[in-house]
Amino acid sequence: MRTGKGRKIAAVLLMAAILSADICKAASPVYGAQQEIQTETAGQELGNAEEESAQTSEDKSENLSKVTEQPESDNSSGTQEAAETGNPSGIQEGTEPEHPSEAPGENEPENPSGTPEPENPSEAPEQENPSGTPQEPEPEDLAEEPEQEDSENIAQKDTADGVKKEQELRSETDTLSEPGDAAENLEEEARTQAEQAFAKFLEEYEMYGTLTNDIAFPIYQEPSPESAVVQELTSGWQVKLTGVKLQDDGVWYQIAFAVNDKEYIGYIQSEYVVTQDARLAEWEEQYLGGGMAARTFTRGSAKGSTQLSAFPASYQSAIQKLIQAHPNWTFVPMNTGLEWAEVLKNEMEDSRNLVETYQPDTWKSTEPKDYNMSTGQWVIKNGTNWVQASEAIVKHYLDPRNFLTEESAFQFEQLTYSSYHTESGVEKILSGTFMSNKKLEDGSGGGITYAQAFIQIGKELKVSPYFLASRVRQEQGVKGNSSLISGTYPGYQGYYNYFNMGATGIGDEVIRSGLTEAKTAGWNTRYKALQGGAEKVSSKYITRGQDTFYLQKFDVDASYDGLYWHQYMQNLLAADSEGRSVRKGYADMGALDNKFVFKVPVYNNMPSSPCPKPEENLSQPVLKAEKSGYGLVKLSWNEVAAAQGYQIYRAEGSGSYKKIKTISTAGTRSYEDSGVTPGKVYNYKVRAYLKFSDGNKYSAYSEVKNIDLTIPATTWSKFKIKNYRTIEMSWKKKSVDGYKIYRKTGSGKYTCIQTITGTSFQNTTVKPGNTYSYRVRGYVSVNGKLYYSAYTSVKQAALKMAKPQLKKVSVSGGKKIKVTWNRDSKADGYYIYRATSKNGKYKKVKTITKNKTVSWSDSSIRTGKTYYYKIRSYVKTASGTKSSSYSKVMNVKTALSTPAVTSIKVTKNGTVKLKWSKDANAAGYKIYRASSKNGKYKEVKQITKNATVTWTDKTTKSGKSYYYKIRAYSLNQNKVKYSTYSAKKGIRVN
């Protein structure tokens, strides 16, 4: 592959950065193996590295392609004492509970493969290495440090050589002006250098990591997304890093892992792996870090930090709070893919989770196999005081959300060795115990203290010494007076078992089985017992997926050994207790803000909120109550941890309470009360109970919840007499099935006139002249029976027709008489009557059929007469037309009055303008003119509009005199009637 100038320059700068980083890291033991390479010349170094890389890559590819299956090697049952009380009885630890269907039995050999296990682990034959990775070397004593002067000289020489080499390589970039093979070779050598450095620190000891934050991770056969997928893993899966490949598209880690006891090897992009092993961060900083001037490969988008969205919502707030307090902490969701109910069912297998007899009764199972109801005694499951845990307390400790707190989160910490672990930190964990600042009693281990022993063994096995110290403290308690570590037990003098490995049984059987394990393993010194027990924990648990306190308590990792049964301890509280001890060590050392990785299990279909912790006494339930209609009350309450059932009490109104139901299954936390009566008020309360031989233990009653089944009464929204035959009404909607409307006439009795489901009604069966009263009530139907609300207030409607009112009667235009009246909005229309004398015979002259019509013109009149009018309203009903009383009479005269000329004048134009008085009864006017006052008058103009009272005569001539007179006329029934003439008026036009 040919590269351009930029690629070559980048490669040279990369080599320069590597050399510079190597010089700075020269004093680090992690990178100590690199110093000989770095002190060679640049040309020799690159050449040798290329040859060595090719051979190493070929060998690794051949070895790592092997896949084998590992047999199960741990089979017995174990538990432990609480952290501060120890395990004086020697209860078994480091083994699995007896379940013939899932694991070897208690009395069966611990190694089902049939291969005898040597007494001394250091003498064990080499194990098969199917992955092809280098075997971990035996621990060696720390080499003596060279004299100070020699060290300084060597360091100065290394630094000088390195600086010179870097300068030579940097100067080469100034001469690279054309593409060529040199830069490409430098790039390849740089990658080889990084890959070899990675392999070097893996030779020191194995490195384990965790897949993080995505949902699923395809593992590829080769370092390319185009290659075949070996297996698909989920977040939180433990992997062993066995190599690295630096590609143009990113950094790929070669990993070894197992699924259901079958081992695989493949590749995954580096950004999906997180580890608490500080060596990886140092390697990435040196070879991939930002100090490099240029890179031809990248690590990809960093995904190691916590992604809250990868966790269920019920986890997020607690994790976010921890991250805010400790930004360097990383939380990885371990997506187990397991159903919560199935996990809980398996964890409730007999003897899988135990608590001590002194714990609260709510923590101890009262199932028939675990509790003798006749004697009131719990069945001992291990040792002398360990009994089956109740489901409630198991749920609490199994639910990871309960322990995402400052004090308890370290039960999820990866139990790998770290530079954070110090002797003083171990002493903090051992403080107050028989091991605090104390040497091993038999002088083994070279006369070292317990803290030094844990540091030395942890470093040798690459297991957290804080974990080892916490585990022994958990197993042996504060006083350390168990026969398992006394060294004086008859028949087993001089043998010790600090980790309670293989210790199981009842009473002294626990001691004998545990010391038999120690004798078989050759743990005849205290140091050997500590070292051997730690090695078993590491090889059987930590390196096989169960690399947290939590996972050693709850076996939900599917890498090896199946599920559930391969637990280290039966003590339910152990994981939290040990995690707290480890946290204390970090806190006392001021190391809580270091980088930690926490692997937190997630299950499918978990409860919506964390499972509560049972208290000394049953906690008070929190009751919720709601009505469903008016014939059913729905009750529900929260889970009361450890309760076996619940009792429900009810009272009617202010009456006394009666027990209406006993719920005998703890999982049932709801009840529907159908024995209620609509219209009444009820009060409810509930309490939990737990059965014992001497009677039930009860919780306090819940707070009382009130349910009002009173059917709500409605109220009026509108009540209106629309007309004399219709009454409109409406009311407010209520939560009922329907409404009944009641009416009475006058002083009669109420009867139901309508049943409806709506909230409005028009009553059209009324008659004018009557008075009606109305009221409404709602109803509900329950089991075919009606229950009613209270009535509304009474609304009354008086249907007496109003007497119409005439407003005006007048002659209009001399041609007709206009009659107007006030509107009656409830009437259908009006009848108009006329007479020629006030007390004469009135005749109906008009029927008005529209309620809104309030005027009418009578054109059948004669001029000179007086007419009298009256009206009444009417309404049509189902029983006929009903009319109101008559209005008062109004009259009008139709005679014409004599007009009067009010003005006559000559205009500027020489015309004559006349004005006269108006006659309301006239249809118009006629104007007459003569040349002399008593001369012959001739009609000169006819005015056809009653309202026109002016006219201008434009036919006049200058120097003459003119005389005028006017009369009004009417036109009725095609007959013309005239008034008398007005007085004559004359004027001269000059």
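Shown above is the structure to which this text applies.
In this text, all values refer to a predicted model and were calculated from it rather than measured experimentally.

> I'm lost on the nonpolar core in this one. Help?
Burial of nonpolar side chains together is a common tendency in soluble globular proteins. Among the nonpolar cores identified, the biggest contains 111 residues, and Phe454 and Tyr498 are the most heavily contacted of them. Ranked by residue count, the leading element in this core is helix H12 (residues 450-461), at seven residues. In this structure tyrosine 498 touches Phe434, Glu441, Tyr450, Val472, Glu475, Gln476, Ile485, Arg526, Ala529 and Leu530, once residues within four positions along its chain are discounted. Listed in part, the 28 residues of the second largest apolar core include Ala197, Phe201, Val244 and Val259.

> What is the right way to look at the sheet that holds strand S15 (residues 623-627) in this model?
By definition, the strands of a sheet pair up through backbone hydrogen bonds, in either a parallel or an antiparallel sense. Strand order in the open sheet made by the three strands is S15-S16-S19, with antiparallel pairing throughout. Of all the strands in the sheet, the pair left with one neighbour each is S15 and strand S19 (670-673). Strand after strand, the sheet turns through a mean of 15 degrees between neighbouring axes, direction not considered.

> What's the story with helix H7 (residues 313-325) in this structure? I'm lost.
Owing to its 3.6 residues per turn, the α-helix aligns residues three or four sequence positions apart on the same side. Among all positions in H7, only Tyr315, Ile319 and Leu322 are buried. The secondary structure elements touched by the buried residues of H7 are strand S8 (329-339) and strand S14 (596-604).

> When you look at the pairing of strand S44 (residues 960-972) in this model, what are you seeing that I'm missing?
Taken residue by residue, a regular strand's side chains alternate between the two faces of the sheet. Bridging between strand S41 (residues 924-930) and S44 involves seven bridges; their strand directions are antiparallel. Paired with tyrosine 925 across the two strands is alanine 968, which belongs to S44. Note: S44 against strand S46 (residues 985-989), five bridges, orientation antiparallel. Directly across from tyrosine 962, in S46, lies its bridge partner isoleucine 987. Of the pairings in the sheet, the one linking S44 to strand S45 (residues 975-978) comprises four bridges and is antiparallel in character. The partner of asparagine 972 across the bridge, within S45, is lysine 975. In this antiparallel pair of consecutive strands, S44 and S45, the connection spans two residues, and glutamine 973 shows a positive phi of 50 degrees.

> Where do I start with helix H13 (residues 465-476) in this structure?
With 12 residues, H13 ought to run about 16 Å at 1.5 Å a step, and its terminal C-alpha atoms sit 16 Å apart, in line with that. Across the 12 residues that make up H13, a large majority, 12, are buried. For H13, every residue scored as buried is listed here: Pro465, Tyr466, Phe467, Leu468, Ala469, Ser470, Arg471, Val472, Arg473, Gln474, Glu475 and Gln476. Next to the buried residues of H13 lie helix H10 (423-430), H12, helix H15 (526-540), helix H16 (549-553) and helix H17 (574-588). You can read the cap of H13 off the contacts: a side-chain oxygen lies 3.3 Å from the backbone nitrogen of tyrosine 466, and it is on serine 464.

> Just to check I follow, could you spell out the pairing of S14 for this structure?
Counting buried residues along S14, eight of its nine residues qualify, which places the element largely inside the surrounding structure. Two elements, S8 and S14, share eight bridges in a ladder whose sense is parallel. Across the sheet, residue valine 332 finds its bridge partner in S14, namely lysine 599.

> What exactly am I supposed to notice about the sheet that holds strand S40 (residues 912-916) here?
An order of S39-S40-S43 is seen for the three strands of this open sheet, with the pairing classed as antiparallel. Bordering the open sheet on either side are strand S39 (901-906) and strand S43 (950-953), each of which pairs with just one other strand. Ignoring which end each strand starts from, the neighbouring axes of this sheet average 15 degrees apart.

> What is the right way to look at the pattern of salt bridges in this model?
A pair can form between side chains of opposite charge whenever their charged atoms are brought close. Taken as a whole and assessed by the stated rule, the structure comprises 28 salt bridges. Measuring nitrogen to oxygen at the nearest pair gives 2.8 Å for the salt bridge that ties aspartate 588 to lysine 584. Remark: lysine 584 and aspartate 588 occur in helix H17; sequence separation between them is four residues, near one turn of the helix. Ionic pairing is found between lysine 680 and glutamate 652, a salt bridge with its closest N-O pair at 3.2 Å. One end of the pair, lysine 680, is in the loop between S19 and strand S20 (681-692); the other, glutamate 652, is in strand S17 (residues 645-652), with 28 residues separating them in the sequence.

> Can you help me understand a positive patch on the surface in this one?
Taken together, the side chains of Lys808, Lys815, Lys816 and Lys818 make up a positively charged region of the molecular surface. Checked against the element boundaries, lysine 808 lands in strand S31 (residues 806-812).

> What's the story with unusual backbone geometry in this structure? I'm lost.
Glycine aside, a negative phi is what most residues show, and trans is what most peptide bonds show. Here the phi dihedral of aspartate 561 falls at roughly 65 degrees; this positive angle occurs in a residue that is not glycine. Relative to the helices and strands, aspartate 561 is located in the loop between H16 and H17. Phi is positive for asparagine 783, close to 55 degrees, though the residue is something other than glycine. By secondary structure assignment, the location of asparagine 783 is in the loop between strand S28 (771-782) and strand S29 (785-788).

About the criteria used
- In every chain, residue numbers begin from 1 and rise along the written sequence.
- Owing to the predicted nature of the model, reporting of local features is limited to residues with pLDDT of at least 70; listing and counting of side-chain atom pairs is limited to 80 or more, with chain, interface and lining totals taken over all residues.
- Side-chain metrics in this entry use all non-hydrogen atoms of the structure; hydrogen atoms and water are not considered.
- The criterion is simple. A nonpolar core is a set of buried Ala, Val, Leu, Ile, Met, Phe, Trp, Tyr and Cys residues joined through side-chain atoms within 4.5 Å.
- With a 1.4 Å probe rolled over the protein chains alone, any residue whose accessible area is under 20% of its type maximum counts as buried; one over 50% counts as exposed, and the rest are partly exposed.
- Helix numbering and strand numbering both begin at the N terminus, where a helix is a DSSP run of H or I of at least 4 residues and a strand a DSSP run of E of at least 2.
- In this description, contact between two residues means that some pair of their heavy atoms is separated by no more than 4.5 Å.
- At least two DSSP bridges between two strands are required for those strands to pair.
- Axis definition: a line fitted to C-alpha atoms, over the contacting stretch in the case of helices. Angles run 0 to 180 degrees between N-to-C directions.
- Residue count minus one, scaled by 1.5 Å, sets the expected span of a helix.
- Whenever a nitrogen or oxygen atom comes within 3.5 Å of another N or O atom, the pair is scored as a polar contact, on the condition that within protein one atom can donate a hydrogen and the other can accept it, and that pairs from neighbouring residues in sequence are kept only if both atoms are in side chains.
- Take a side-chain nitrogen of Lys or Arg and a carboxyl oxygen of Asp or Glu: if they are within 4 Å of each other, that pair is a salt bridge.
- Residues with no salt bridge and a relative accessible area higher than 30% make up the patches, which join like charges within 9 Å and nonpolar side chains (Val, Leu, Ile, Met, Phe, Trp, Tyr) within 5 Å.
- The Shrake-Rupley method, run with a 1.4 Å probe, gives the accessible areas here. Residue values count only the displayed protein chains as cover.
- For the purpose of charge, His is not counted, nor are the chain termini; Lys and Arg are scored as positive and Asp and Glu as negative.
- To locate a charge, take NZ of a lysine, CZ of an arginine, CG of an aspartate or CD of a glutamate.

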